[in-house]
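For reference, the chains in residue letters:
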Amino acid sequence: MSNQKPNVPLFDLTRQWSEVRDDVHAALERVFATQQFILGPEVAALEKECATYLKVKRAVAVSSGTDALLASLMALGVGAGDEVITTTFTFFATAGVIHRLGARPVFVDIDARDFNLDPGKVAAAITPRTKAVVPVHLYGQAADMDALKAAAPGVPLVEDCCQAIGTEYRGTPVGGIGTFGCFSFFPTKNLGAFGDGGLVTTNDEALAEKLADMRVHGMRPKYVHHFVGGNFRLDAMQAAILRVKLQRLPRWIAKRQAGAAHYRELFASAGLAGTVTLPAELPGRGHTYHQYVVRVPKRDALREYLATQGVGAEIYYPISLHEQQCFSELGYRRGDFPESEKAEAEVLALPIFPELRPDERERVVAAIVGFYRRP
Ligand SMILES: *Cc1c(COP(=O)(O)O)cnc(C)c1O
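This report concerns the structure included in the present document. Everything quoted here is computed from the prediction, not taken from an experiment.

**A closer look at the pattern of salt bridges**
Within the structure shown, the criterion is met by 29 salt bridges. Notably, a salt bridge pairs Arg248 with Glu19, separated by 3.4 Å at the nearest N-O pair. A residue pair is termed long-range when its members are at least 10 positions apart, and Arg248 in helix α8 (residues 236-270) and Glu19 in helix α1 (residues 14-34) qualify at 229 residues. Two residues, Arg113 and Asp111, come together in a salt bridge whose shortest N-O distance is 2.9 Å. Each of Asp12, Arg15, Arg357, Asp359 and Glu360 takes part in salt bridges that share partners, so that together they form one network.

Encoded structure:
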C-alpha cells in the first residue's frame with residue numbers, strides 16, 4: 001500500500017455521476033422511446049424551465065455557447081464594417097464569433113478587481129460603427145451591467161453568461177439584463193450537458209422568434225427561408241439530461257459558494273493576506289464560482305509545485321485575445337491592455353467543484369502555504 005494521498009483534482013465530474021445516474025437513465029429511456037432526437041418536446045420543456053429559473057420571457061436552446069453568441073450577433077445584424085466591443089480577457093469564442101461575421105472585435109481592458117470589462121474604457125471605445133457590446137461574466141461573477149449600459153447608451157448588450165448561469169446582478173439573474181444572454185452547457189460548465197449545448201435568453205419576443213428561426217437556417221414554415229441562419233439546434237438527449245441537472249443546479253451553486261467561503265477562512269488563518277489575492281466580493285455583483293481564481297506572485301512556479309503535491313490548478317487565460325496570432329491583423333500590440341496582461345501572468349484557478357470536500361480545500365491551502373514558506 002502506498003502512503004501517497006490521493007490527488008485533489010481541479011475538476012472531477014465522476015463524483016456527480018452517482019447522484020444523477022438513475023434520473024439520467026430514466027430521462028434517456030424517455031427519449032429513446034420516442035425516437036425523436038432533434039428539438040421536440042424535451043427541448044421545449046428545457047427552454048420553459050430555463051426561462052423560469054433565469055426569470056426571462058424566452059429561452060432558445062442551441063448547439064453550444066459559441067453558437068449562442070454567433071446566432072445572437074446574427075440576429076442583431078452584425079456584419080462587415082461593424083464594430084463589437086468586448087473584453088480581451090476571456091475565452092476565445094467571445095471574440096471569435098465577432099470576427100467570423102466579418103465585424104471587428106474592439107478589445108477593451110478589464111477592471112483589476114473582478115477581471116470583467118472596465119465600463120469607463122468601454123465608453124471611450126464607442127464609435128458610430130459600434131453595433132453591440134459583449135460583456136463576459138467571467139469566472140461566474142456578474143459584470144457591472146448598470147455602468148456598462150450607461151457607458152454604451154442605446155447599444156445592445158449581448159451578455160456572455162457561459163460561465164455564469166444562475167449568477168445574480170443586483171438580484172436579477174444575468175442573461176435577462178442585456179438584449180441577449182448566451183449560455184454554454186459544455187460539460188465542465190456549472191450546468192453541463194453530456195456533450196455540447198447552449199442557450200440564448202431574451203425578454204424581447206420578436207428577437208426570440210428570430211433566434212428560433214436562425215437556429216433552423218432561417219426557415220419558417222418548412223422550406224421557406226427568410227434569411228440565412230444555420231444549424232444551431234440542441235438535441236433531445238442533451239435537453240433531457242440538462243433538465244435532470246437543472247433541478248440540482250441551485251444546490252450545486254450553493255456548494256460552490258460555500259466552498260469559496262471556506263477558502264476565504266482558510267486563507268485568512270494561513271496568514272497569506274498580501275501574498276494571495278482572493279476573488280473580490282463586490283456589492284450587487286453575484287458570484288457563482290464557476291472558477292475560483294486567485295492572483296499570486298511566482299504563479300508558474302506555484303502551479304508546478306502544486307502539481308508535485310497532487311493539487312490541480314489551471315490558468316484562465318494565459319494569453320489575452322489582443323495578443324493572439326489570429327487577431328494580429330487588428331493591429332493591437334503588447335502593452336495595449338496592461339490590466340489584462342498583468343492578470344494573465346498572475347491568475348490561478350483552484351479546485352472549486354461542488355463535490356470537493358473540506359479536507360481537500362485544506363490540502364490546497366496547506367500546499368500553497370508550503371510553497372511560500374519554503375526557504
Ligand atoms: C465556454 C465559453 C464559451 C463557449 O461555449 P461552448 O459551449 O464551448 O461553445 C464562450 N464564452 C465563454 C466565456 C466561455 O467560458
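From this point, things continue past the structure.
**Considering helix α2 (residues 40-54)**
Its 15 residues place the ends of α2 21 Å apart at the C-alpha level, agreeing with the 21 Å of an ideal helix rising 1.5 Å per residue. By the burial criterion, the buried members of α2 are Glu42, Val43, Ala45, Leu46, Glu47, Cys50, Ala51 and Leu54. Buried residues belonging to α2 abut α1, β1 (58-62), β7 (172-173), β8 (180-184), β9 (198-202) and α8. Note on α2: the residue one or two positions beyond its end, Lys55, has a positive phi of about 55°.

**A closer look at the environment of Val228**
Structurally, Val228 can be placed in the loop between α7 (205-214) and α8. According to the relative accessible area criterion, Val228 is exposed, its value standing at 73%. For the pair Val228 and Met214, spaced 14 residues apart in the sequence, the C-alpha separation amounts to 7.3 Å. Those residues in contact with Val228, other than ones at most four positions away along the chain, are Met74 and Met214.

Parameters at a glance
Residues numbered from 1 in each chain as written. Predicted model: local features only at pLDDT ≥ 70, side-chain atom pairs only at ≥ 80, totals over all residues. Heavy atoms only, no water. Salt bridge = Lys/Arg side-chain N within 4 Å of Asp/Glu carboxyl O. Helix = DSSP H or I, 4+ residues; strand = E, 2+ residues; numbered from the N terminus. Expected span 1.5 Å × (residues − 1). Buried < 20%, exposed > 50% of the residue type's maximum accessible area, 1.4 Å probe, protein only. Contact = heavy atoms within 4.5 Å.

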